[in-house]
Amino acid sequence: MSDINNIKGFIITASHEKSRLENVVLLQKQLPALQLMEAIYPSRQKIPFINKLRGKSKERTGRALNLGELGVLLSNRKIWQTIVQSDVPETASFLILESDSVINEVDLLIANFYRLTGKYDLFFWGGWLGHIKLLRSTKNKLTPTFKYGTPFIKTICSGYGYSINKKTARYLIQQTKQISYPVDEFKRYISPGMLNIGAVVPEIISQGIGETTIGHAGLSNFTEKIWLLLLDIRNAIICFFS
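Because the structure is predicted, anything quoted here is derived from the model rather than measured.

*Asks:* Give me the lowdown on the nonpolar core, citing residues and values where you can.
*Replies:* As a rule of thumb, soluble globular proteins bury nonpolar side chains together. The biggest cluster of nonpolar side chains holds 34 residues, and the ones touching the most others in it are Trp80 and Phe124. Secondary structure elements with two or more residues in this core: strand S1 (9-13), helix H3 (67-85), strand S3 (93-98), strand S5 (122-124), strand S8 (161-165), helix H5 (166-175) and strand S9 (197-201). Of all the elements, H3 adds the most residues to this core, at five residues. Aside from chain neighbours lying at most four places away, what touches Trp80 is Ile96, Tyr162, Ile164, Ala169, Leu172, Ile173, Thr176 and Val183. One finds Leu95, Phe113, Leu116 and Trp125 within the second-largest nonpolar core, a separate group that totals 25 residues.

Set out below in structure tokens:
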């Protein structure tokens, strides 16, 4: 069992996010060793060469990162750099949350944090708003309700509840050095076989209710639900035979 005071990590937050302050306080109460990391907001602070950075992302992907996506990328890189510079072993795990993250099963997270993160370089406690799928051949029972294993890489998205070690932080810094896709599209940055990736389903950590950048511009709520349902069916079939 993990010690609640030994689960180290970071909460990406911002001093102007008054509406999320109560949730941030709750997260720190649940996991006292978490540190606050001030988010980078390009709309509120000067970012050198910001137009050039956005131009490069469009050149490489066909779409320029918006200011929010750029801020999320820079904020996560800031945390990864802090981890790399810390005096901890390569395999020491850190939990990374956002200011609107919600821990659905606190006791389960605490009891299994080191058991699960010790098996993987990068571990997702939640992602893609609950749409992560596990490869059937890798599934293990955590409880009668929860299972963990290797996720289908195309279902990995979002950064509101994941753990990494120093090795992974160093790798992701290198992979995101050239700006391109949103940072939470991990499949764009991780080469096959480079990291041992794990996830748990259903989500132990979720994104709180509110605005999200997971949506797709131009799609109605109904159309997006149908689109996600079709993706879920396709991904479930792929995972069943994997």
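*Asks:* Which residues make up the packing of H3 against H5, and what values do they have?
*Replies:* Packing of H3 against H5 brings their axes to within 8 Å, and their N-to-C directions diverge by 135°. As the angle between them shows, H3 and H5 are arranged oblique. When the axes of H3 and H5 are compared, the crossing they make is left-handed. Mapping the contact onto sequence places Arg77, Trp80, Gln81, Ile83 and Val84 in H3 and Lys166, Ala169, Arg170, Leu172 and Ile173 in H5. Taken together, the residues of the contact of H3 with H5 break down into six nonpolar, one polar and three charged.

*Asks:* Would you mind going over the pairing of S3 in detail, with residue names and values included?
*Replies:* Counted residue by residue, S3 has six buried out of six residues, so it is predominantly covered. Of the two faces of S3, both are covered, the one formed by Ser93, Leu95 and Leu97 as well as the one formed by Phe94, Ile96 and Glu98. In this structure, S1 lies alongside S3, joined through four bridges in parallel fashion. In the strand pairing of S3, Gly9 is matched with Leu95. Where S3 meets S8, five bridges bridge the pair, whose relative direction is antiparallel.

*Asks:* Summarise unusual backbone geometry; cite the residues concerned and give the values.
*Replies:* For the bond from Val201 to Pro202, the omega torsion is -10°, close enough to zero to count as cis. For Pro202, the location among the structural elements is in the loop between S9 and strand S10 (205-207). In this structure, Phe49 is a non-glycine residue whose phi angle is positive, near 60°. Among the structural elements, Phe49 can be located in the loop between strand S2 (34-38) and helix H2 (50-61). You will see that Ser158, though not glycine, has its phi angle at about 90°, which is positive. Overall, Ser158 belongs to the buried group, its relative accessible area being 6%.

*Asks:* With reference to specific residues and values, describe the state of the cysteines.
*Replies:* Counted according to the given criterion, the structure contains zero disulfides. In this structure Cys157 is a free cysteine whose sulfur lies 15 Å from that of Cys239, the closest cysteine sulfur available. Judged by its relative accessible area of 4%, Cys239 falls in the buried class.

*Asks:* Any details on the pattern of salt bridges? Residues and values, ideally.
*Replies:* Going through the model one piece at a time under the given rule, you end up with seven salt bridges. Residue Glu69 is joined to Arg63 by a salt bridge in which the shortest nitrogen-to-oxygen separation is 2.9 Å. Linked by salt bridges that have partners in common, Glu17, Arg20 and Asp100 make up one network.

*Asks:* Which residues make up the sheet that holds strand S7 (residues 147-149), and what values do they have?
*Replies:* Here eight strands make up an open sheet; going across it, the order is S2-S1-S3-S8-S5-S9-S7-S6 and the pairing mixed. One side of each edge strand has no neighbouring strand; the edge strands of this open sheet are S2 and strand S6 (140-141). The strands that H3 touches are S1, S2, S3 and S8; relative to S1, the one it contacts most, it runs at about 155°.

*Asks:* Let's hear about the environment of Leu65: which residues, and what values?
*Replies:* Inspection of the secondary structure assignment puts Leu65 in the loop between H2 and H3. Accessibility expressed as a relative area gives 1% for Leu65, which makes it buried. Residues Leu65 and Ser180, 115 residues apart in the sequence, show an inter-C-alpha distance of 7.7 Å. Setting aside residues no more than four positions away along its own chain, Leu65 makes contact with Arg54, Ser57, Leu70, Leu73, Ile179, Ser180, Tyr181 and Pro182.

*Asks:* Account for the pairing of S9, naming residues and giving values.
*Replies:* Within S9, four of the five residues are buried, which leaves it mostly tucked inside the rest of the structure. As paired strands, S7 and S9 are joined by three bridges and run antiparallel to one another. By the bridge assignment, Lys147 is partnered in S9 with Val201.

Cut-offs and rules
Sequence positions are assigned chain by chain, starting from 1 and proceeding in written order. Given that this is a predicted model, residues contribute local features only at a pLDDT of at least 70 and side-chain atom pairs are listed and counted only at 80 or more, while totals for whole chains, interfaces and linings are drawn from all residues. Here the side-chain values reflect all heavy atoms present in the structure, with hydrogen atoms and water set aside. In this description, a nonpolar core means a group of buried Ala, Val, Leu, Ile, Met, Phe, Trp, Tyr and Cys residues linked to one another through side-chain atoms lying within 4.5 Å. Working definition: with a 1.4 Å probe on protein chains only, accessible area under 20% of the residue-type maximum means buried, over 50% means exposed, and in between means partly exposed. The helix count covers DSSP runs of H or I at least four residues long, the strand count covers runs of E at least two residues long, and both are numbered beginning at the N terminus. In what follows, a contact means two residues having at least one pair of non-hydrogen atoms within 4.5 Å. Geometry is summarised by axes, namely lines fitted to C-alpha atoms with helices restricted to the contacting stretch, and by angles between N-to-C directions that run from 0 to 180 degrees. Here the angle decides the label: under 35 degrees means roughly parallel, over 145 means roughly antiparallel, 65 to 115 means roughly perpendicular, and every other value means oblique. Crossing handedness follows the turn of the near helix against the far one: under a right angle anticlockwise gives a left-handed crossing, and clockwise gives a right-handed one. Any residue outside Ala, Val, Leu, Ile, Met, Phe, Trp, Tyr, Cys, Pro, Asp, Glu, Lys and Arg is labelled polar, Gly included; the first ten of those are nonpolar and the last four are charged. Each pair of strands is called paired provided DSSP finds at least two bridges between the two strands. The disulfide criterion is simple: two cysteine sulfur atoms within 2.5 Å. Basic side-chain nitrogens of Lys or Arg form a salt bridge, by our definition, when they fall within 4 Å of a carboxyl oxygen of Asp or Glu.

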